[in-house]
Amino acid sequence: MKSLRLTLCAMPLLLTGCSTLSSVNWSAANPWNWFGSSTQVTEQGVGALTGATPLDEKSIADALDGEYRLRSGMKTDNGNVVRFYEAMKDDKLAMVINGTQGTINRIDVLDSDISSSAGVKIGTPFSELYTKAFGHCQKATGDDSAGVECKAEGSQHISYVFSGEWSGPEGLMPSDDTLKAWKVSKIIWQR
């Protein structure tokens, strides 16, 4: 009789819990995901996203293991209309995935939980990676034109965009002393 009462009390809780199971992020239940993101920016790409990944929603979602919500868009690039995907994490933009000829060719990482294979994350100061900009960095272009883009040491495919305060002339790079306080605002993987 006691177990019957317990079952009757627990039944409404179980039934209401079942209605929300469709919105549960099951990949977060995996034990290897409990201690932070294991996704890294490497020479091959970002996590399972590589230059061979088809530029379609299902392939990208599968490679991201359901950790991000995707939304697609279109923009012009050098006079051509191109498709891109934005990976959202808790309503914040985490990655922008671009491609040409049906596959991924560039991924802009804005998620502070994703690091490069060298351990560089969003917020890493310029002074931890470089002593001077010469030979490593150039003025960033496009949406990042207020920043400075630097090639990752020993990498052919990874670069970092640094942002910070500077009141110098537009179009010129800040001095090395100014750059020391700037921080990584974006990690870029490009094929």
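That block above? That's the structure.
Remember, it's a predicted structure, so these values are computed and weren't measured experimentally.

Rules of the game
Along each chain, the written sequence defines residue order, and numbers are assigned to residues from 1. Per-residue local features of the predicted model are confined to residues with pLDDT of at least 70, and side-chain atom pairs are confined, for both listing and counting, to 80 or more; whole-chain, interface and lining totals are unaffected and use all residues. The side-chain quantities take in all heavy atoms of the structure and omit both hydrogens and water. Among the buried residues, those of types Ala, Val, Leu, Ile, Met, Phe, Trp, Tyr and Cys that are joined through side-chain atoms within 4.5 Å form a nonpolar core. When accessible area is computed with a 1.4 Å probe and restricted to protein chains, residues below 20% of their type maximum are described as buried, those above 50% as exposed, and intermediate ones as partly exposed. Only DSSP runs of H or I covering at least 4 residues are called helices, and only runs of E covering at least 2 are called strands; the numbering of each starts at the N terminus. Residues are treated as being in contact if the distance between any of their heavy atoms lies within 4.5 Å. Salt bridges are defined by distance alone: a side-chain nitrogen of Lys or Arg within 4 Å of a carboxyl oxygen of Asp or Glu.

### Structural notes on the nonpolar core
Part 1 of the argument: Within the largest apolar cluster, 33 residues are counted, with the highest numbers of intra-cluster contacts made by Ile60, Leu64, Met95, Ile97, Ile107 and Tyr160.
Part 2 of the argument: When residues of this core are traced back to their parent elements, those giving at least two are strand 5 (80-89), strand 6 (92-100), strand 7 (103-109), strand 10 (148-151), strand 11 (158-163) and strand 12 (183-190).
Part 3 of the argument: With residues up to four places along the chain from it excluded, the contact list for isoleucine 97 reads Leu49, Leu55, Ile60, Leu64, Phe84, Tyr85, Ile104, Arg106 and Ile107.

### Quick notes on the pattern of salt bridges
Part 1 of the argument: Overall, the coordinates contain nine salt bridges when judged by the stated rule.
Part 2 of the argument: In this structure, lysine 186 and aspartate 144 form a salt bridge, with 2.9 Å as the shortest nitrogen-oxygen distance. With lysine 186 in strand 12 and aspartate 144 in the loop between strand 9 (137-139) and strand 10, the pair connects residues that are 42 residues apart, well separated along the chain.
Part 3 of the argument: When its relative accessible area of 15% is taken as the criterion, aspartate 144 is described as buried.
Part 4 of the argument: The salt bridge partner of aspartate 177 is lysine 180, with a shortest N-O separation of 3.6 Å.
Part 5 of the argument: By relative accessible area, aspartate 177 is classed as exposed at 60%.
Part 6 of the argument: A cluster of three or more residues bridged by salt bridges with shared partners is formed by Arg106, Asp108, Asp144 and Lys186.

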